[in-house]
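A look at the structure
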Amino acid sequence: MSYKFSESLKRNIDFQSVYKKGKSYANKYLVMYVLENRMEKNRLGISVSKKVGNSIVRHKVTRLIRESYRLHENIFNSGLDIVVIARSSASSVSYWEIESALLHLAKLHHIIKK
RNA sequence: UAAGCAGCACAGACAAUCGCAGCUGCAUGUGCCGAAAGGCCGCAGGUGAGGAAAGUCCGGGCUUCACAGGGCAGUAUGCCGGAUAACGUCCGGUGGAGGUGACUCUAAGACCAGUGCAGCAGAAAAUAACCGCCUGAUUUUUCAGGUAAGGGUGAAAAGGCGGGGUAAGAGCCCACCGCUUCUUUGGUAACAGAGAAGGCUGUGUAAACUCCAUACGAAGCAAGACCGAACAGAAACGAUACAGUUGCCCGCUGUGUUUCGGGUAGGUUGCUUGAGCCUGUUGGUAACGACAGGCCUAGAUAGAUGAUUGUCUGAUACAGAACCCGGCUUACAGUGCUGCUUAUUAU
RNA sequence: UGGGCUAUCGCCAAACGGUAAGGCACCGGACUCUGACUCCGGCAUUUCAAGGUUCGAAUCCUUGUAGCCCAG
């Protein structure tokens, strides 16, 4: 998977460093960790636990988060490692709610361009 | 019309916009990244999850390792015949169980090879005598013997029922049924039918050990193959530069260069043309096979199918390929079709 | 993705196919002026679930569910 301006976060070490050093905000459906990575591009990691549901549900949630990030990729600041974790209440939710939750968390982090 | 039985098919469709991953064709800069292997960048077209992709319960392919040959152990299977690459699967049949029926279910070899177990209750759970019945003795409640018809217990009680017989009884004898053995007929066989004989030597349990027959080497694509920074190692080269080994020389060791082979991170491959799918003819009761023609139909690698809008609608379930096939099991909203059974009504 | 293990009371757990031990906790009582200690009594009703074998299953067989571990 590739994005226009971003990459995906792959290695476990990167995830752990974001969890340890980054800041986090949360709302009803999602949790977001953000850490500056001294690169030009953003790196996005999505994590959906087994508690959320079976493989179909987890895959669906992953796609919704990725799609809502992709459609608003240009308004995010660059040079960030972002990890989005889906909570179990996100299992049966439409695209619009995921999108608004993602943008709400981005505002709390102040990582949206003005 | 109602209630059922068996089998098969489908698993939202269409359009527009944005987006993802392979493939094919065209284009292709002495472009970019990298040590190398290799990767990336443009345009167009077409393709892109299931009936269970699931559980991982069986079997096989494929790969690596082991292996002269055989046996033991271990595990699995277990009526008969067939299908198949193979199977614990499937098909056809036999016996048994259930249902009025269509039909469904069935781990269904051997307790006359041996060992074990059968709690409680009961006289007794396999070398049957507690009560009872009968005979004899004793004479007034006991002893000796005969006896499996009756009693109650238990999941299970010593072939069943009727008659004869007897002191009382008993397959002790007889008829019918059951059982065992033999003969014969049909069937490839399991087995079924018929006839004769034996008087019946004896419970259940092998999803208890076991016996018999058959099968099985082990591990798994994170298998394995190739390229290969780092790093441990070996060899060669050295005018001698530096450091160490005793102050110096020789010698030795390390740093150095080259080569070799091993190989981590990483990358490439394995990877999708296959016991493949569709149509027709044909062999077979069927599972399945043969022939002819046509088709190419996902291949990701932190993991591709999504989002929005509109129209239709009853539109909603269970659910996501990860090396590949054949099965089994489990989950599941509904819709349609075919054949059959039973009941009721009408003709 | 592949391989392996476990499940019994609120917790820790035992159990030859024949009544589901025991400890802690909890509840009631005794002792004490009161509490603790101690003593006595009580506490499993679908042994993770569903089928099967058996006269009889926590135990044997099959299928599932949940949890845990190993291989990066």
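Residues numbered from 1 in each chain as written. Chains lettered and ligands numbered in written order. Predicted model: local features only at pLDDT ≥ 70, side-chain atom pairs only at ≥ 80, totals over all residues. Heavy atoms only, no water.

Concerning the layout of surface pockets
Considering only enclosed or pocket space, the largest pocket measures out at about 170 Å³ in volume. Lys-23, Tyr-25, Val-34, Leu-35, Glu-36, Leu-80, Leu-108, His-109, His-110 and Ile-111 are the residues that line the largest pocket. Counting residues per element, the ones that place at least two in the lining of the largest pocket are strand S2 (23-26), strand S3 (30-36) and helix H3 (95-109). It is S3 that provides the largest number of residues to the lining of the largest pocket, a total of 3 residues. Tallied by class, residues from the lining of the largest pocket come to 6 nonpolar, 2 polar and 2 charged. (1 Å grid on protein atoms, 1.4 Å probe; cavity = no way out; pocket = protein on both sides within 12 Å on 5 of 7 lines; lining within 4 Å. Points joined across faces, edges and corners; volume = space filled by probe spheres on them. Helix = DSSP H or I, 4+ residues; strand = E, 2+ residues; numbered from the N terminus. Nonpolar A, V, L, I, M, F, W, Y, C, P; charged D, E, K, R; others polar.)

Points about the pattern of salt bridges
For the coordinates displayed, the defined rule picks out 1 salt bridge. Between Glu-67 and Arg-70 there is a salt bridge; the shortest N-O distance is 2.8 Å. One end of the pair, Glu-67, and the other, Arg-70, are both in helix H2 (residues 55-71), 3 residues apart, so they sit about a helical turn from each other. Overall, the relative accessible area of 31% leaves Glu-67 in the partly exposed class. (Salt bridge = Lys/Arg side-chain N within 4 Å of Asp/Glu carboxyl O. Buried < 20%, exposed > 50% of the residue type's maximum accessible area, 1.4 Å probe, protein only.)

Description of the protein's contact with RNA strand B
As a matter of local geometry, RNA strand B sits amid 17 residues, with His-59, Lys-60, Arg-63, Glu-67 and Arg-70 nearest to it. By atom count, sugar and phosphate contribute 76% of the portion of RNA strand B lying within 4 Å of the protein. In the environment of RNA strand B, a phosphate oxygen lies 3.5 Å from a nitrogen or oxygen atom belonging to the side chain of Arg-66. For the surface near RNA strand B, the secondary-structure elements that each account for two or more residues are H2 and H3. At 9 residues, H2 tops the list of elements feeding residues into the surface near RNA strand B. Tallied by class, residues from the surface near RNA strand B come to 6 nonpolar, 5 polar and 6 charged. (Near = heavy atom within 4 Å. Polar contact = N/O pair within 3.5 Å; in protein donor to acceptor, adjacent residues only side chain to side chain.)

What to know about the sheet that holds S2
Taken in spatial order, the 5 strands of this open sheet run S1-S4-S5-S3-S2, and their pairing is mixed. Looking at strand neighbours, the two that pair on one side only are strand S1 (6-8) and S2, the edges of this open sheet. With direction set aside, neighbouring strand axes in the sheet form an average angle of 20°. Both strand S4 (residues 42-48) and strand S5 (residues 80-86) contribute to a ladder of 6 bridges, which runs parallel. (Pairing = 2+ DSSP bridges. Axes fitted to C-alpha atoms, helices over the stretch in contact; angles between N-to-C directions.)

Let's talk about the environment of Ile-75
Relative to the elements of secondary structure, Ile-75 occurs in the loop between H2 and S5. Classification of Ile-75 by relative accessible area gives partly exposed; the value is 29%. Sequence separation between Ile-75 and Lys-60 is 15 residues; the distance between their C-alpha atoms is 24 Å. Apart from residues lying up to four places away in sequence, Ile-75 is in contact with Leu-103, Ile-111, Ile-112 and Lys-113. (Contact = heavy atoms within 4.5 Å.)

Observations concerning H2
An ideal rise of 1.5 Å per residue puts 24 Å on 17 residues; H2 measures up with 24 Å between its terminal C-alpha atoms. Every buried residue of H2 is listed here: Val-61, Thr-62, Leu-64, Ile-65, Ser-68 and Tyr-69. For H2, the angular spread of the buried residues around the axis is 160°, confining them to a single face. The exposed set on the far side of H2, more than 90 degrees from its buried face, consists of Ile-56 and Lys-60. Buried residues along H2 sit against S1, S3, S4, S5 and H3. (Expected span 1.5 Å × (residues − 1). Arc of directions from axis to C-beta.)

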